[in-house]
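What follows is each chain in one-letter form.
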Amino acid sequence: MTSVEEILATWLDKFKPHEDGALLPPHHDHCLACGPDNPHGHHLVVHRRGEEVHAVHVFDQRHVGAPGIAHGGAVATVLDDLFGFLLYLTGAPAVTRQLEVRYDSPVLLGVAYELVAKIVRAEGRKLFVEAEMRDTSGGLVAFASALFLRVDEAHFRQGASNSPPLARPI
Ligand SMILES: CCCCCCCCCCCCCC(=O)SCCNC(=O)CCNC(=O)[C@H](O)C(C)(C)COP(=O)(O)OP(=O)(O)OC[C@H]1O[C@@H](n2cnc3c(N)ncnc32)[C@H](O)[C@@H]1OP(=O)(O)O
């Protein structure tokens, strides 16, 4: 697992401008939603699309709530993390202060959904953001809104000396 200091050393590079259509970098390699090296993660892949961010995502059996249906917390994780990619367009890190998710239809495992997020407005440190998740017919299955607050590197250093075990003992 990479240390907080190692992540911070390259973290701000990710906030340099990304071209329209570019594949956006994961927050870090073990991020629960987008980290490619997290075996429990969603492995979310996100591109810039104009002033929005876009992903096509499939939930799998690891994210099950009711049989065959994604857990609502898993859906919220992915939507929250998608907002985290909008931060690359703003040029500065921020964290979720409030997140609200509306679940309009069950999100089915093994089915592709299209996700889009955008910044609705920015006021000082505050970023108000919204996201939609749609099925391949264009039907809205979930809608999220959130408030993100800009923070500095000191915020992330709060976790630097905290090294819990990688997995709970069985
Ligand atoms: C290691 C390196 C990097 C790794 C990065 C991984 C990144 C992952 C990326 C993304 C992954 C996904 C994302 C994640 O998972 S981020 C992880 C989940 N989020 C957190 O852990 C955040 C925890 N919270 C905090 O640390 C503090 O609360 C922070 C720092 C956020 C704010 O505490 P602070 O004390 O600083 O600020 P404040 O609370 O006084 O408020 C400030 C202003 O905001 C206004 N306000 C507050 N609430 C509301 C509201 N509901 N509607 C409207 N306004 C509201 C408030 O009135 C005030 O306004 P004003 O008086 O200034 O006008």
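Residues numbered from 1 in each chain as written. Predicted model: local features only at pLDDT ≥ 70, side-chain atom pairs only at ≥ 80, totals over all residues. Heavy atoms only, no water.

- The protein has the name Acyl-coenzyme A thioesterase THEM4 in an unreviewed UniProt entry, where Aeromicrobium marinum DSM 15272 is given as its organism.
- Check the Sequence similarities (unreviewed entry) section of the UniProt entry for the protein; it says "Belongs to the THEM4/THEM5 thioesterase family." (UniProt positions renumbered as here; feature names shortened; annotations may be inferred.)

Quick notes on the site of the ligand
Here is step 1: The full set close to the ligand counts 20 residues, and Thr 96, Arg 97, Gln 98, Arg 125 and Lys 126 are the nearest of them.
Here is step 2: Interatomic distance of 3.1 Å between a backbone N/O atom of Thr 96 and a nitrogen atom of the ligand.
Here is step 3: In this structure, Gln 98 approaches the ligand through a side-chain N or O atom, which is 2.4 Å from a nitrogen atom.
Here is step 4: For the ligand, the protein covers 57% of the area, taking 1,300 Å² as the surface of the free molecule.
Here is step 5: The residue inventory of the shell around the ligand, partitioned by class, reads 10 nonpolar, five polar and five charged. (Near = heavy atom within 4 Å. Polar contact = N/O pair within 3.5 Å; in protein donor to acceptor, adjacent residues only side chain to side chain. Areas by Shrake-Rupley, 256 points an atom, 1.4 Å probe, with all protein chains shown as cover. Nonpolar A, V, L, I, M, F, W, Y, C, P; charged D, E, K, R; others polar.)

As for helix α2 (residues 72-90)
Here is step 1: With 19 residues, α2 ought to run about 27 Å at 1.5 Å a step, and its terminal C-alpha atoms sit 28 Å apart, in line with that.
Here is step 2: Backbone geometry just after α2 places Gly 91 at a positive phi near 90°. (Helix = DSSP H or I, 4+ residues; strand = E, 2+ residues; numbered from the N terminus. Expected span 1.5 Å × (residues − 1).)

Digging into the side chain of Arg 48
Here is step 1: Inspection of the secondary structure puts Arg 48 in strand β1 (residues 47-49).
Here is step 2: What makes Arg 48 buried here is its relative accessible area of 17%.
Here is step 3: Apart from residues no more than four positions distant in its own chain, Arg 48 is found in contact with His 18, Glu 19, Asp 20, Gly 21, Ala 22, Leu 24 and Leu 89. (Buried < 20%, exposed > 50% of the residue type's maximum accessible area, 1.4 Å probe, protein only. Contact = heavy atoms within 4.5 Å.)

Overview of the environment of Arg 134
Here is step 1: Mapped onto the elements, Arg 134 comes out in strand β5 (residues 126-134).
Here is step 2: Given a relative accessible area of 29%, Arg 134 falls into the partly exposed group.
Here is step 3: On a C-alpha basis, the gap between Arg 134 and Gln 61 in space is 20 Å, while along the polypeptide they are 73 residues apart.
Here is step 4: Residues in contact with Arg 134, not counting those within four places in the same chain, are Tyr 113, Glu 114, Gly 139, Leu 140 and Val 141.
Here is step 5: Polar side-chain contacts of Arg 134 include one of 3.1 Å to the side chain of Glu 132.
Here is step 6: Reaching out from Arg 134, the side chain makes a polar contact with the backbone oxygen of Gly 138 at a distance of 2.7 Å.

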